[in-house]
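A look at the structure
Here is how the chains run, residue by residue.
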Amino acid sequence: MTPSPTLPQGGGRPLPAQGRGRLLAISGVTKRFGGFTALESVDLTVAPGERLGLIGPNGSGKSTLVNCIAGTLRHEAGTIAFKDRDIGRLPAFKRVHLGVARSFQIPRPFASMSVADNLRIPLLYGAGAPLTLNTQSATAEAMRILEQVGLAGKAHAMSGGLTQVDMRKLELARAIAAKPALLIADESMAGLSASEVDEILVLLLGMKEHGVAVIMIEHVMRAVMKFSERIAVLVAGRKIADGDPKAVVADRDVVKAYLGE
Amino acid sequence: MTNPRFAALAFAAAIAFIAATMLIPNDYYFSAAYTVLQFVILATAWNVLGGYAGYVNFGSAAFFAVGAYSSVFLYKAVHPPLIVSIAVGTVVAGLLGMAVGYLTLRLRGVFFAIATLALAVVLYTFVVNWDYVGGARGAYILQPKDLPFGLKRYIHVLYMAMVLMTAAALVIARTIETSAIGRGLAAIRDDELAAECAGVPTLRLKILAATVSGSLMGMAGTTFPYYLSYVEPSAAFNLSYAVNTIAMPLIGGMTMWAGPLVGAVLLGTVQQVVQVTVSSEWNLLIVGVLLVVFVTLAPNGIVGWVARLRRKR
């Protein structure tokens, strides 16, 4: 049974983005690790250029959902449609070519390469027109992105020696360099100072100008509230709320999940 | 330097090498040079998968032997010209390399290394029990009498073939290294998951690298039966091939095409000299000592060490 990606099932709550024409439409996605159900029939949609905040307590399945969308994990049931195409069985690199890019929660730089060379990989292999190696246009594009994230001064530093903060910025820069239509930022702000959070926030808010939709997974609530046009909440593998940020954080179930009775 | 220019230069150097050595009257130098060049090819080939992509192959001897034994098989079957033996052995070893490439789908790190070592053992057992190619007794191959290009001895023919094959191997390795494929392989070596999520078709690139690596190692083995006139499984599958082909890129430097060349020339020459002046028993000891020295003092090999010195200036 494959439900049409345009008609998400279940959940009971109305899906606010409905009718806006979807970039990403997830329906009924389930993922188990042995006997543990990490995701249980999750529905989620993202419209082109939309800014979605995805929150939930630790272990609620946020990163698992990211992995299922990006293709680094395979879900057991449900469909994941991107640009009206079922991508659930595609390997991760093909999803990147279609326009899904992600950053990693724990930074995974190409440690033997310089910061600028790290960006050359997605510039060469990502969704954009492949930029030939070492040409001026590739270098200029890499520098432009590094400037955006505030890493231009470290373009020639070895990426393995960066600080945690800079590695997070590099993660984002590498995802942006893949020229995505959907960018998934997995806890890019954890451990950053207030001013650094603002820097990243400005950067992510600016993605809209390029028509890039962003899913932001974050614990820094100040950032989530500032950023999100819509918030979805995962608790224990189920989506318990999805809608206007102010309404969602006031929702009784959400408060209960975070603070208890 | 662009790759076509490098190729032209490499083959010009090869021809110059061949011409120059024709002036040397002593045949020993040819067979010594043959052995060193054979290791240059093996080390260069190993490095395409081991150095560029980071998949350590302990089964070099298997690929080398597949090249050697495909020559033996062809010799028994049809007595083909040398060039045909070289071509067929290269293709067969390449197919084996492709199979190993699919192994990388599930096996990484130590597990991949052990699997390749096991592959060598399995193939060894297979050849030992295959009577047509001589089984455990080994097989004799008579060097052809009629020689091309007015050459005087068959070792000259083999030496010439080896020089040209070495140039080809270096050109292929450098072309891969400097292309988009090389960048992709380097990303795989650093972090395979991050590479895949940056859009790198990791499996496709690994299979390509394994195929090229395997075929070049096999190519180095195709002339081996002609060189010795006699092959037996324990010679073709000798573990020293596996050890040397890993040690040479490690000593020379694994991230650049010049590394295996430098390492193989250095280690191969030292081994040849010691073999003549002291004893061949010392060969593995030399490898061991050099490995310890380089891994502690120059972990990026000679080429990496030189590059760092240049940057410091």
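Please read these numbers as outputs of a predicted model, since none were measured by experiment.

**What to know about the overall build of chain B**
Scanning chain B from N- to C-terminus turns up 15 helices and two strands. Here the C-alpha atoms of chain B give a radius of gyration of 19 Å, agreeing with the 20 Å that 2.2 N^0.38 yields for 313 residues. Counting only C-alpha atoms and orienting by the principal axes, one finds that chain B spans roughly 55 × 45 × 40 Å. Considering chain B as a whole, with its 313 residues, one finds that 49% of them fall into the buried category. Taking the intrachain contacts of chain B between residues at least 6 apart in sequence as the baseline, contacts between residues at least 24 apart amount to 78%.

**Here we look at the sheet that holds strand β6 (residues 100–102) of chain A**
All names here are of chain A. The six strands lie next to each other as β6-β7-β8-β3-β9-β10, forming an open sheet whose pairing is mixed. Of all strands in the sheet, those with a lone pairing partner are β6 and β10 (238–243), marking the two edges. This sheet shows a mean twist of 20° between the axes of neighbouring strands, independent of strand direction. Judged from the five bridges that link them, strand β7 (residues 182–186) and strand β8 (residues 213–217) form a sheet pairing that is parallel. Along β8, the bridge assignment pairs I184 with I215. Those strands touched by helix α9 (residues 252–259) are β9 (230–235) and β10, and its axis lies near 130° from that of β10.

**Topic: the sheet that holds strand β4 (residues 77–82) of chain A**
Residue and element names in this part refer to chain A. Pairing is antiparallel across the open sheet formed by four strands, whose spatial order is β2-β1-β4-β5. Of all strands in the sheet, those bounded by a partner on one side alone are β2 (36–46) and β5 (85–86). With two bridges connecting them, β4 and β5 associate as antiparallel partners. Looking at β5, one finds that F82 is bridged to R85. Along the sheet face, helix α1 (residues 62–70) touches β1 (24–33), β2 and β4 and points at about 65° away from the line of β2.

**Section: the environment of G67(B)**
Residue and element names in this part refer to chain B. Tracing the backbone shows G67 in helix α3 (residues 60–78). Placed 204 residues apart in sequence, G67 and Q271 show a C-alpha to C-alpha distance of 23 Å. Excluding anything up to four places from it in sequence, G67 contacts G89, A93, M217, G218, M219, A220, G221 and T222.

**Observations concerning the packing of helix α2 (residues 27–50) of chain B against helix α13 (residues 258–277) of chain B**
All names here are of chain B. For the pair α2 and α13, the least separation of the axes is 8 Å and the interaxial angle reads 145°. Relative to α13, α2 is oriented so that their crossing is right-handed. Across the interface between the two elements, A32, T35, V36, F39, V40, A43, T44 and N47 of α2 pack against G259, P260, L261, G263, A264, V265, G268, T269 and Q272 of α13. Class assignment of the residues belonging to the contact of α2 with α13 gives a composition of nine nonpolar, eight polar and no charged.

**Quick notes on unusual backbone geometry**
All names here are of chain A. In this structure, D84 is a non-glycine residue whose phi angle is positive, near 60°. Within the fold, D84 resides in the loop between β4 and β5. Of note in the backbone geometry, E187 takes a positive phi value of approximately 45° without being a glycine. Mapped onto the elements of the fold, E187 is located in the loop between β7 and α6 (194–206). For E187, a count of 20 C-beta atoms within 10 Å translates into the label buried.

**A closer look at the pairing of β7(A)**
All names here are of chain A. With respect to burial, β7 is a largely interior element, five of its five residues being buried. Burial along β7 is two-sided: L182, I184 and D186 and L183 and A185, pointing in opposite directions, are all buried. Handedness of the crossover joining β7 and β8 through α6: right-handed.

**Description of the confidence of the model for chain B**
Residues and elements named next belong to chain B. For chain B, per-residue confidence averages 89 on the pLDDT scale, and 100% of positions sit at 70 or higher. Within chain B, the lowest mean pLDDT, 83, falls on helix α15 (residues 301–312), and the highest, 94, falls on helix α9 (residues 202–222). Interface confidence for the predicted complex, expressed as ipTM, amounts to 0.84; the pTM equals 0.87.

Thresholds applied
- Residues numbered from 1 in each chain as written.
- Chains lettered and ligands numbered in written order.
- Predicted model: local features only at pLDDT ≥ 70, side-chain atom pairs only at ≥ 80, totals over all residues.
- Helix = DSSP H or I, 4+ residues; strand = E, 2+ residues; numbered from the N terminus.
- Rg over C-alpha atoms; globule rule 2.2 N^0.38 Å.
- Buried ≥ 20, exposed ≤ 12 C-beta atoms within 10 Å, placed from the backbone.
- Contact = placed C-beta atoms within 7 Å.
- Pairing = 2+ DSSP bridges.
- Axes fitted to C-alpha atoms, helices over the stretch in contact; angles between N-to-C directions.
- Left-handed = near helix turned anticlockwise from the far one by under 90°.
- Nonpolar A, V, L, I, M, F, W, Y, C, P; charged D, E, K, R; others polar.
- Right-handed = clockwise from strand over helix to strand, strands pointing away.
- pLDDT = per-residue confidence, 0-100.

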